[in-house]
Amino acid sequence: MKRCEHPLDPWSGQMAFPGGRRDSTDETLEAVARRETLEEVGLLLPRESCMGRLATLYGGRLTEQNLSVTPFIYETEGKDPLTHNHEVAATVWIPLSHFADTANIREYFFPPDPLRRAFPSFEFGPYTIWGLTHRIIAGFMAIMGTELPVEPFSK
C-alpha cells in the first residue's frame, strides 16, 4: 500500500505493508497484523491462513523513530478487492515473480539522507519500494530461494 501524504508522518507517501502499534486488545503480534490489515485495507485475514512469521526487523535509521516490525505471511485467494482507510492513498497487488527477478532491483536515494546512500529498491509502475518494506520482502524471498540486497550499495 502507499501511505497518504502527511507532513508529520516520517513515512509519508512511502510504500508499506499494513501494520501498526499493538493495542491492549491484541492478544498476540499476529492479532495485530490481522487487525491492522483489516483496518487499513479492508482485507480479512483468517487466523488459519497465517503461513508463518518472519524475523523481527528494526528500522528508523534515518528518523528519530526507533521501531521494530514483526511481519507475518498469509495466504489469500486471488486479488481480493481492497478498501482504504484514512492512512492509505493507494493499494496494489504485486506478483512475487516481480521480486524474484533481480533485474528489477534499482537504486533509490532517500532525499533526507545526509549521506546520499543508494538503497536497494523495486519499482512497480509508479511505486518505489525500499527501506524496511524492501527488507521484509527480501526476508520472504530468501525463504523462497532468491537472495536480494538489503544494505545500501557501495559507492
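Above this note sits the structure.
Please read all numbers here as calculations on a predicted model, not as lab measurements. (Residues numbered from 1 in each chain as written. Predicted model: local features only at pLDDT ≥ 70, side-chain atom pairs only at ≥ 80, totals over all residues. Heavy atoms only, no water.)

Trainee: I keep staring at the side chain of Ser12 and nothing clicks. Help me out?
Mentor: By the element assignment, Ser12 lies in the loop between strand 1 (2-3) and helix 1 (29-41). Accessibility expressed as a relative area gives 18% for Ser12, which makes it buried. In terms of polar contacts, Ser12 uses its side chain to reach the side chain of Glu5, at 3.4 Å. Engagement of the side chain of Ser12 in a polar contact is seen with the backbone nitrogen of His6, the distance being 2.7 Å. (Helix = DSSP H or I, 4+ residues; strand = E, 2+ residues; numbered from the N terminus. Buried < 20%, exposed > 50% of the residue type's maximum accessible area, 1.4 Å probe, protein only. Polar contact = N/O pair within 3.5 Å; in protein donor to acceptor, adjacent residues only side chain to side chain.)

Trainee: In this structure, what is going on with the nonpolar core? I would like to understand it.
Mentor: Side chains of a nonpolar character, in soluble globular proteins, are inclined to be buried together. One finds Phe99, Phe122, Ile129, Ile137, Met141 and Leu148 to be the most contacted residues of the largest nonpolar core, which totals 17 residues. Mapped onto this core, the elements with two or more residues apiece are strand 9 (127-130) and helix 3 (131-143). Per element, the largest residue contribution to this core is 5 residues, and it comes from helix 3. Setting aside anything within four residues of it in sequence, one finds Leu148 in contact with Phe99, Thr102, Ile105, Phe122, Ile137, Ala138 and Met141. (Core = buried A, V, L, I, M, F, W, Y, C linked by side-chain atoms within 4.5 Å. Contact = heavy atoms within 4.5 Å.)

Trainee: Can you walk me through helix 3 in this structure?
Mentor: Because the α-helix completes a turn every 3.6 residues, residues three or four places apart line up on one side. In this model, helix 3 (13 residues) spans 19 Å end to end at C-alpha, consistent with the 18 Å of a helix rising 1.5 Å per residue. Considered for burial, the residues of helix 3 that qualify are Gly131, Thr133, His134, Arg135, Ile136, Ile137, Ala138, Phe140 and Met141. Tucked inside the fold, the buried residues of helix 3 contact strand 3 (57-59), strand 4 (67-69), strand 5 (72-74), helix 2 (96-100), strand 8 (119-124) and strand 9. Taken from the residues just after helix 3, Gly145 is the one with a positive phi, measuring 100°. (Expected span 1.5 Å × (residues − 1).)

Trainee: Is there a simple way to think about the packing of aromatic side chains in this case?
Mentor: Two aromatic rings are characterised by how far apart their centres lie and by the angle between their planes. This structure, assessed with the given rule, holds 4 aromatic pairs. Consider the rings of Phe99 and Phe122, whose centres lie 4.9 Å apart with planes at 80°: the pair is edge-to-face. Taken together, the positions of Phe99 in helix 2 and Phe122 in strand 8 put the pair 23 residues apart, joining distant regions of the chain. Both residues of the pair, Phe99 and Phe122, belong to the buried class. (Phe/Tyr/Trp six-rings, centres within 6.5 Å; stacked < 30°, edge-to-face > 60°.)

Trainee: Mind showing me how you'd approach the environment of Asn104 here?
Mentor: With respect to the helices and strands, the residue Asn104 is situated in the loop between helix 2 and strand 7 (105-108). For the pair Asn104 and Glu123, spaced 19 residues apart in sequence, the C-alpha to C-alpha distance is 7.2 Å. For Asn104, the residues in contact, after removing those within four places along its chain, are His98, Ser121, Phe122 and Glu123. A polar contact is formed between the side chain of Asn104 and the backbone oxygen of His98, at a distance of 2.9 Å.

Without other data, these values stay purely geometric and don't point to any function.
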